[in-house]
Amino acid sequence: MPDQVGSQRQQSVLIIDHSADTRQVLRTALERRGVLILEAKRAEAGLKLARRHHPALVVLDLETIPAGGEAVRERLDSETENSRIPLVVLGNVRRSEALLPHQSVVQKPYHYGPLIRKIELLLADSKQVA
Amino acid sequence: MASLFVIRGSDQGTRIELEDGALTIGRDKSNGIQLHDTEVSRKHVEIHCEKSKCSICDLNSSNGTFMNGERVEAAQLQSGDRLQVGRTLMIFTGGDESDQRGLASLVNIVGDQHSGGDSRIVQSLSQQEGSSLIDDIHASTSPWLARARSNLQIMYRTALAVSHTLDIDQLLNRILEMIFEWVEADRGCIMLLNQATDELEPKARRTRRGSTDEKINLSRRILDYVMNHKEGVLTSDASDDRRWDPGGSVVQMGVREAICVPMQGRYGIVGIVYIDTFTPPGQILEHGVTRKFHEEHLKLMIAIGHQAALAIEDTSYYSAMVQAERLAAVGQTIATLSHHIKNILQGIRGGSYLIQEGLKGDEPEVVRKGWGIVEKNQEKISNLVMDMLTFSKERDPEVTEANLNRVTADVVELMQIHSQDANVQLIWRPAEQMPRLTFDPDGLHRAILNVVTNAIDACDGCESGQVEVSTKFDAEAGHALIRVVDNGVGIGPNDLKKVFVIFESQKGGRGTGLGLSVSQKIMQEHGGEIEVTSTLGEGSCFVLRLPAVLCEGSEQALSPATRVPE
């Protein structure tokens, strides 16, 4: 696959968000920074993309997890944890909820500036590790 | 089934059904009943139910468990009991299914031929005549019997008054009125205990002489006695014998007698009833001191107070329930709207961020993308506001002459971009014959817009999604129809019942749950309706029916097809 060859140098980010606006904003902003973007509207589809392409980072909007879809969430958690992919969770997570070390949370409604900066930092870190 | 209803606290309005078995109440998730109350312990109290008989057992909670205001370790629950844990107050209602089953076997309704046949109706009386038993007070020769009848009558009438009203003020005034008919009181008042401040507040007053501005001074000492001892008192300022001599204050000042009784309900005292009477000095000199209030009056007043208290408790329980339900509805409204507004805000922030980035890097393409997103969300918020205004009664329909084909075409044109974005084909088939009709064009625009928006959303993600909008005029049936047919996801039979229910969105996070309720409201305001048929996986068909109110001159413009055959 061509993007697998490219992924040696070009980092990719998977965005799982039901909002077309959010996907477009993140895509436009990150592509300007030389990042390759993968998109999914639903968590299930996002999980498939994550398994196939091993992105450098995953952005997950919690609203894409359907009611009763805890299993999908768990598989996404373990998939990203095992592949050491940072997972940025967008949504309202209770402070008491335990977070895995590779996860970070951005509470809604958020500002895009800080979110993009956070993604940039995480990408820079994973580049160093690689 | 037995249940607990939360009437105070952060979970106000919640009803918890109690199934057989044990269940714990507490603050954390592991409990069968989780209360969002910081004063509730993690595991606070256990409820054990068997055949709708329930008992509670405190689990060493730090703040204790209270039943009807008293701290308990363990107790049996009776219907109407108030259970308080932390700041949460619940009312227990016992189930009585088992009792009903038991009763059914003991009480039978049988036909005449099986009843032994020797029972017949000897006399019948209407319900109103129930009181005639005790109406005829003076017919009796025995004064004791006459008094007893009179007492029974006032209790009967109190019971009637109590059962006939849900308005507390009205009830209190009625009770005072009856007391005045029955006993020679000059002044009376009812004070209720304010639960929040624990102070007695006057709620109703009555004076015989009609001087409404006459002040009633109640002695704090007597009130405290009544409240603390939960006893009624009969007082007289002539009871002090030392003052009773011709030169004493009583003869000069007259005698005031009073009765003050607690209003004792199921759970505690809800207030007091007070009456007094005054014998002027002149009368005392003429007839000597004659007491007007006696022990019997006191006893009866206590009974009346009890009846009134029960009614007041029921009424406040009822209004607490109404209030709780209203709060729950308001909470749901706010939650839904803020979720939707949050999503719009997120969109506007995204668009603004792109504009900023684009301006910084001098990239007009990025600016344009950002601007597109801002505009789209601006449209969303405008639609939301219009839907809210239509749903509230802020906006009255403005009926005027208009062309339904034109109005529908406007909607289709407006939705073209949205449907292209969603990769859905939007087809428009206007009726060939459409007379000018009288309706609210802005209202119809909104009604059609919401239905078309939903149809496009229903096709989102479908292959070769298609929405067809058509109009039809039926002169014979006297209506115009707007049909919106899509080949999208369809609606299941259970959800179909809920499509017009406000805040029931099938679109997950994207819908406000306002759109179709608003469309339906607009059509109903026009005397029309919306019909929907749908098959899951195949698509839906919405038909908006608008009763045709023809404009002057439209008769001639009617379709030639209906006129030519003459």
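Higher on the page you've got the structure.
Residues numbered from 1 in each chain as written. Chains lettered and ligands numbered in written order. Predicted model: local features only at pLDDT ≥ 70, side-chain atom pairs only at ≥ 80, totals over all residues. Heavy atoms only, no water.

Caption draft 1: Representation of the overall build of chain A. Each helix and strand counted, chain A has 5 helices and 5 strands in total. For chain A, the N- to C-terminal ordering of α and β elements is α-β-α-β-α-β-α-β-β-α. Here chain A holds 130 residues, and 48% of them are scored as buried. A separation of at least 24 residues holds for 64% of the contacts in chain A among residues at least 6 apart in sequence. (Helix = DSSP H or I, 4+ residues; strand = E, 2+ residues; numbered from the N terminus. Buried < 20%, exposed > 50% of the residue type's maximum accessible area, 1.4 Å probe, protein only. Contact = heavy atoms within 4.5 Å.)

Caption draft 2: Expanded view of the sheet that holds strand S7 (residues 65-67) of chain B. Residue and element names in this part refer to chain B. Read across the sheet, 6 strands follow the order S2-S1-S11-S10-S7-S8 without closing on themselves; strand pairing throughout is antiparallel. Here the strands that pair on one side only, and so sit at the sheet edges, are strand S2 (15-17) and strand S8 (70-72). Between one strand axis and the next, the sheet turns through 30° on average, direction left out of account. Looking at chain direction, strand S1 (residues 3-8) and S2 are connected through 3 bridges and run antiparallel. (Pairing = 2+ DSSP bridges. Axes fitted to C-alpha atoms, helices over the stretch in contact; angles between N-to-C directions.)

Caption draft 3: Geometry of the interface of chain A and chain B. Contacts between chain A and chain B engage 19 residues on the former and 23 residues on the latter. The largest per-residue losses of area from chain A upon contact with chain B belong to Asp21(A), Arg32(A) and Pro109(A), which jointly make up 31% of the total buried on that side. On inspection of chain A and its partner chain B, the count reaches 5 salt bridges. Linking Glu357(B) and Arg33(A) is a salt bridge whose minimum nitrogen-to-oxygen distance equals 3.1 Å. At the junction of chain A and chain B, the tally comes to 9 residue pairs in polar contact (both at pLDDT 80 or more). Those elements giving two or more residues to the side of chain A that touches chain B turn out to be helix H2 (20-31) and helix H5 (112-129) of chain A. Element by element, the count of residues in the side of chain A that touches chain B is highest for H2(A), at 6 residues. (Buried area = accessible area lost by both parts, 1.4 Å probe. Salt bridge = Lys/Arg side-chain N within 4 Å of Asp/Glu carboxyl O. Polar contact = N/O pair within 3.5 Å; in protein donor to acceptor, adjacent residues only side chain to side chain.)

Caption draft 4: Structural view of the packing of aromatic side chains. Under the counting rule described, the total for this entry stands at 2 aromatic pairs over all chains. Both rings, one in Tyr110(A) and one in Tyr112(A), keep their centres 5.2 Å apart while their planes meet at 70°; by these two values the pair is edge-to-face. Each of the two residues, Tyr110(A) as well as Tyr112(A), counts as buried. Among the aromatic side chains, those forming a connected cluster through ring pairs are Tyr110(A), Tyr112(A) and Tyr353(B). Residue placement shows Arg206(B) over the ring face of Phe180(B); its charged tip is 5.6 Å from the ring centre. (Phe/Tyr/Trp six-rings, centres within 6.5 Å; stacked < 30°, edge-to-face > 60°. Lys NZ or Arg CZ within 6 Å of the ring centre and 35° of its normal.)

Caption draft 5: Main features of a negative patch on the surface. A grouping of Glu17(B), Glu19(B), Asp20(B) and Glu50(B) is seen on the molecular surface, where their side chains present a negatively charged patch. With respect to the helices and strands, Glu17(B) occurs in strand S2. (Patch = residues over 30% accessible without salt bridge, like charges linked within 9 Å, V, L, I, M, F, W, Y side chains within 5 Å. Areas by Shrake-Rupley, 256 points an atom, 1.4 Å probe, with all protein chains shown as cover. Lys, Arg positive; Asp, Glu negative; His and termini not counted. Charge placed at Lys NZ, Arg CZ, Asp CG, Glu CD.)

Caption draft 6: How the structure looks around the sheet that holds strand S12 (residues 187-194) of chain B. Residues and elements named next belong to chain B. Strand order in this open sheet of 5 strands is S13-S12-S16-S15-S14, and the pairing throughout is antiparallel. Strand pairing shows two members of the sheet lacking a second neighbour, strand S13 (199-207) and strand S14 (233-236), which therefore form its edges. Ignoring strand direction, the axes of neighbouring strands in this sheet form an average angle of 20°. Alignment of S12 against strand S16 (residues 269-279), held across 6 bridges, turns out to be antiparallel. Counted as the bridge partner of Arg187 is Asp276 from S16.

Caption draft 7: Highlighting a nonpolar patch on the surface. On the surface, a nonpolar cluster with roughly 200 Å² of combined accessible area is contributed by Ile381(B), Val385(B) and Leu389(B). With a relative accessible area of 37%, Val385(B) lands in the partly exposed category.

Caption draft 8: Highlighting unusual backbone geometry. Following Lys108(A), the chain continues to Pro109(A) via a peptide bond in cis, the omega torsion being -10°. Along the chain, the position of Pro109(A) falls in the loop between strand S5 (103-106) and H5. For Asn68(B), which is not a glycine, the phi torsion comes out positive at approximately 50°. A positive phi is found at Asp198(B), a non-glycine position, where the angle reads about 65°. On the accessibility criterion, Asp198(B) (56% relative accessible area) is exposed.

Caption draft 9: Just the nonpolar core, in detail. All names here are of chain B. By size, the foremost hydrophobic cluster in this structure holds 45 residues, and its most contacted members are Leu444, Val452 and Val467. Residue contributions to this core peak at 9 residues, all from helix H10 (residues 441-459). Not counting chain neighbours up to four residues away, the residues in contact with Leu444 comprise Leu404, Val407, Phe439, Ile482, Ile522, Met523, His526 and Leu546. (Core = buried A, V, L, I, M, F, W, Y, C linked by side-chain atoms within 4.5 Å.)

Caption draft 10: Structural context of the state of the cysteines. Residues and elements named next belong to chain B. Summed over all chains, the structure comprises 1 disulfide over all chains. Disulfide partner of Cys49: Cys54, at an S-S distance of 2.4 Å. One disulfide, between Cys49 and Cys54, carries an S-S torsion of 105° and so falls in the right-handed class. For Cys49, a relative accessible area of 2% puts it in the buried group. (Disulfide = S-S within 2.5 Å.)

Caption draft 11: Structural view of the packing of helix H8 (residues 364-391) of chain B against helix H12 (residues 515-525) of chain B. Residues and elements named next belong to chain B. Contact pair H8 / H12: the axes reach a minimum separation of 9 Å and the direction vectors enclose 45°. If you check the angle between H8 and H12, you find them oblique. In the crossing of H8 with H12, the sense of the turn from one axis to the other is left-handed. Only Gly515, Ser517, Val518, Lys521 and Ile522 of H12 make contact with H8, whose side of the interface consists of Asp387, Thr390 and Phe391. (Parallel < 35°, antiparallel > 145°, perpendicular 65-115°, else oblique. Left-handed = near helix turned anticlockwise from the far one by under 90°.)

Caption draft 12: Fine view of the pattern of salt bridges. What the rule picks out here adds up to 30 salt bridges over all chains. Ionic pairing is found between Arg23(A) and Glu39(A), a salt bridge with its closest N-O pair at 2.9 Å. One end of the pair, Arg23(A), is in helix H2; the other, Glu39(A), is in strand S2 (residues 36-40), and 16 residues separate them in sequence. With a relative accessible area of 9%, Arg23(A) lands in the buried category. Owing to a relative accessible area of 30%, Glu39(A) belongs among the partly exposed residues under this scheme. Between Glu39(B) and Arg87(B) there is a salt bridge, with its nearest N and O atoms 3.0 Å apart. Here Glu39(B), found in the loop between strand S4 (33-34) and strand S5 (45-50), pairs with Arg87(B), found in the loop between strand S10 (82-85) and strand S11 (88-93); they are 48 residues apart in sequence, far enough to count as distant. A relative accessible area of 30% means that Glu39(B) is categorised as partly exposed. Ionic contacts of the salt-bridge type, sharing partners, join the residues Arg32(A), Arg33(A), Glu120(A), Glu357(B), Lys360(B) and Glu363(B) into one network.

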